[in-house]
Amino acid sequence: MPGKSVKLSLNLFSLAYFSLGVGSLSIIGTLPQIATSIGHGKEDIAFLVSVFSITFAITAPLLQIAFGHLPPKRVLVAGLVLMAAGAFDSALAPDYGLLFAARILAAVGGAAIGPVVSALGASLVPDEQRGHALAVVFGGMTIALVLGVPLSSWLGATIGWRATLGLIGIITLTVAVLVAFFAAAGSAGPRIRLAHLFEVMTRPTVATGIAVMVLQMAGICATYTMISPVLREQFGAGDNLISILLLVYGVAGISGNVMARRIARIWSADRAIATALIGLIVVFAALYLTPGWVLSAAAILCLWAVSNDLFMPSQQRRMVELAPEVRGLVLALNSSAIYAGIAAGSFTSGALFPITGLSGLPLASIVFLALSLGALWLSRRSARATSGETVTGYAVHQSQQEGPSGLCCAKGAAAPEPVE
């Protein structure tokens, strides 16, 4: 990476994650304006979010098979350009059918961004700094989760949904240019075939590691899908107070991401994940048991956000540690697991609500999170039993690319510099 600062590269990768987050959430914020503009019900527009999630989940590992052997920065820039094109096409779409197709295009671009940007961030630093680097990179998504929906909602009401999506396209394209010219290149990974994908997915350590992600996200979404009604009915919050509480949640999430960077220096990924999952179980137990005081709601949301933002980069770090020779593939599977968990949690929320009402949702979240802890235990047990395992055919290829430090570096690259 001659002349390329690791810190600058990580910040640019964080911007790429921000673009992915805002691009994927923009439909939620502009939903009312889109529904009115193209003459479709809100449920049809909401389905565009599901289409994005499903496409992302299916496409992410397949893109690693097709393009994982290419220079990762090239794949990242192409993904950003595709996502920008999806945003522009969405802004120009005259009807629902073309808007539907544009969201699929954006999701394919997003599937090339998330796993690749995490893999790049992990590859630029020594092993002991990997957790910190991944927390920096994922910080872009954390900020997008805070700003994405309210910002797109405000812009949609102010300048219109088409101009909002067009602006998101411009931002994404700008990030693509910045990454292309100023970010470190990283190195190409091994060529991956479909058989390798199944080999990785059926490896007990990886399979149970992915299950940790699916179950954690399902636990979050089983309640978060209905968070506004929960805050309204259980805590008596009106629309303005709900907005303030969700803003508190977002600010706490940013603080949690900063804390995760510090903790990554001193804790193992396993310890951080277990602590985060226990914290989330406490959150939903408190949500079920706590009286309806607004201050208690704010405290619960703060612990929720901090725990979740400790979990996310730690989970990515752990997946890389489980299979460093195919970090791009396992991070793609982890990204797919996020969206699979979102679908499972949202489905559970919708199915339980008519039966148990809002009070049953935190209990469902606790069950999912307890299962996630169990999956973590199984994955750790399997990792101890199969220490040193690699995917067939990868070990030699990897050793040829690694430098003395054991990190994959681009040809002619300098040793990674410390991250502040």
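Here the structure is a predicted model, which is why all the values come from computation and not from measurement.

Draft legend 1. Region of the structure containing the overall build of the protein chain. Across its full length, the protein chain carries 16 helices and 0 strands. In the protein chain, of all internal contacts separated by at least 6 residues, the share reaching a separation of at least 24 is 87%. Element-wise, carbon and sulfur atoms account for 69% of the exposed surface of the protein chain, whose accessible area totals about 16,900 Å².

Draft legend 2. Structural context of a nonpolar patch on the surface. Taken together, the side chains of Leu8, Leu15, Val177, Leu178, Phe181 and Phe182 define a hydrophobic patch exposed on the protein surface, amounting to about 530 Å² of accessible area. Breaking the nonpolar patch down by element, the ones donating at least two residues are helix 1 (6–29) and helix 7 (161–182). With 4 residues, the single largest contributor to the nonpolar patch is helix 7. As for its placement among the helices and strands, Leu8 is situated in helix 1.

Draft legend 3. Seen up close, the confidence of the model for the protein chain. Looking at the protein chain, pLDDT values average 82 and 88% of them are 70 or higher. Contacts from residues 390–420, a stretch scored under 50 in pLDDT, to residues over four places away or in other chains number 65 contacts.

Draft legend 4. The arrangement of the packing of helix 4 (residues 72–92) against helix 5 (residues 96–123) in detail. One can describe the packing of helix 4 onto helix 5 by two numbers: an axis separation of 7 Å at closest approach and a directional angle of 155°. The angle between the axes of helix 4 and helix 5 places the two elements in the roughly antiparallel class. For the pair helix 4 and helix 5, the crossing hand works out as left-handed.

Draft legend 5. Fine view of helix 15 (residues 361–385). Given a rise of 1.5 Å per residue, 25 residues ought to cover 36 Å, and the 36 Å separating the end C-alpha atoms of helix 15 matches this to within 8%. Within helix 15, the full set of buried residues consists of Leu361, Pro362, Ala364, Ser365, Phe368, Leu369, Ser372, Ala375, Leu376, Ser379 and Ser382. Those residues of helix 15 that are buried are in contact with helix 9 (204–224), helix 12 (269–289), helix 13 (294–322) and helix 14 (327–356).

Draft legend 6. How the structure looks around helix 12. Compared with the 30 Å implied by 1.5 Å per residue over 21 residues, the 30 Å span of helix 12 between its first and last C-alpha is a close match. Packed against the buried residues of helix 12 are helix 9, helix 10 (227–235), helix 13 and helix 15.

Draft legend 7. Structural detail: the side chain of Thr164. With respect to the secondary-structure elements, Thr164 resides in helix 7. At 3.3 Å, the side chain of Thr164 and the backbone nitrogen of Gly156 are in polar contact. In contact with Thr164, other than residues within four places in its own chain, are Thr30, Ser152, Leu155, Gly156 and Ile159.

Draft legend 8. The arrangement of the pattern of salt bridges in detail. Tallying each qualifying case throughout the model produces 3 salt bridges. With a closest N to O distance of 2.4 Å, Arg318 and Asp270 form a salt bridge. Of the two residues, Arg318 is situated in helix 13 and Asp270 in helix 12; the sequence distance between them amounts to 48 residues. Residue Arg318 is classed as buried on the basis of its relative accessible area, which comes to 2%.

Draft legend 9. Geometry of the packing of aromatic side chains. Counted under the stated rule, the structure contains 7 aromatic pairs. Judged by centre distance (4.4 Å) and plane angle (35°), the rings of Phe56 and Tyr339 are tilted. Taken together, the residues Phe56 in helix 3 (residues 42–67) and Tyr339 in helix 14 connect sequence positions 283 residues apart. Taking relative accessible area as the criterion, Tyr339 reaches 12% and is therefore assigned buried. What links up through ring pairs into an aromatic cluster is the set Tyr224, Tyr249, Phe284 and Trp304.

Draft legend 10. Representation of the packing of helix 9 against helix 14. Where helix 9 meets helix 14, the axes come as close as 7 Å, and the angle between the chain directions of the two elements is 35°. Taken as a pair, helix 9 and helix 14 cross one another with a handedness that is right-handed. Listed contacts from helix 14 to Val206, Ile210, Met213, Val214, Met217, Ala218, Cys221 and Ala222 of helix 9 are Val330, Leu333, Asn334, Ala337, Ile338, Gly341, Ile342, Ala344, Gly345, Ser346 and Ser349. Across the contact of helix 9 with helix 14, the residue classes tally to 14 nonpolar, 5 polar and no charged.

Draft legend 11. A look at the nonpolar core. Among the nonpolar cores identified, the biggest contains 100 residues, and Phe13, Leu76, Val179, Leu231 and Trp304 are the most heavily contacted of them. Ranked by size, the runner-up nonpolar core spans 17 residues in total, among them Phe18, Leu31, Ile34 and Ile38.

Parameters and conventions
- Residues numbered from 1 in each chain as written.
- Predicted model: local features only at pLDDT ≥ 70, side-chain atom pairs only at ≥ 80, totals over all residues.
- Heavy atoms only, no water.
- Helix = DSSP H or I, 4+ residues; strand = E, 2+ residues; numbered from the N terminus.
- Contact = heavy atoms within 4.5 Å.
- Areas by Shrake-Rupley, 256 points an atom, 1.4 Å probe, with all protein chains shown as cover.
- Patch = residues over 30% accessible without salt bridge, like charges linked within 9 Å, V, L, I, M, F, W, Y side chains within 5 Å.
- Salt bridge = Lys/Arg side-chain N within 4 Å of Asp/Glu carboxyl O.
- pLDDT = per-residue confidence, 0-100.
- Axes fitted to C-alpha atoms, helices over the stretch in contact; angles between N-to-C directions.
- Parallel < 35°, antiparallel > 145°, perpendicular 65-115°, else oblique.
- Left-handed = near helix turned anticlockwise from the far one by under 90°.
- Expected span 1.5 Å × (residues − 1).
- Buried < 20%, exposed > 50% of the residue type's maximum accessible area, 1.4 Å probe, protein only.
- Polar contact = N/O pair within 3.5 Å; in protein donor to acceptor, adjacent residues only side chain to side chain.
- Phe/Tyr/Trp six-rings, centres within 6.5 Å; stacked < 30°, edge-to-face > 60°.
- Nonpolar A, V, L, I, M, F, W, Y, C, P; charged D, E, K, R; others polar.
- Core = buried A, V, L, I, M, F, W, Y, C linked by side-chain atoms within 4.5 Å.

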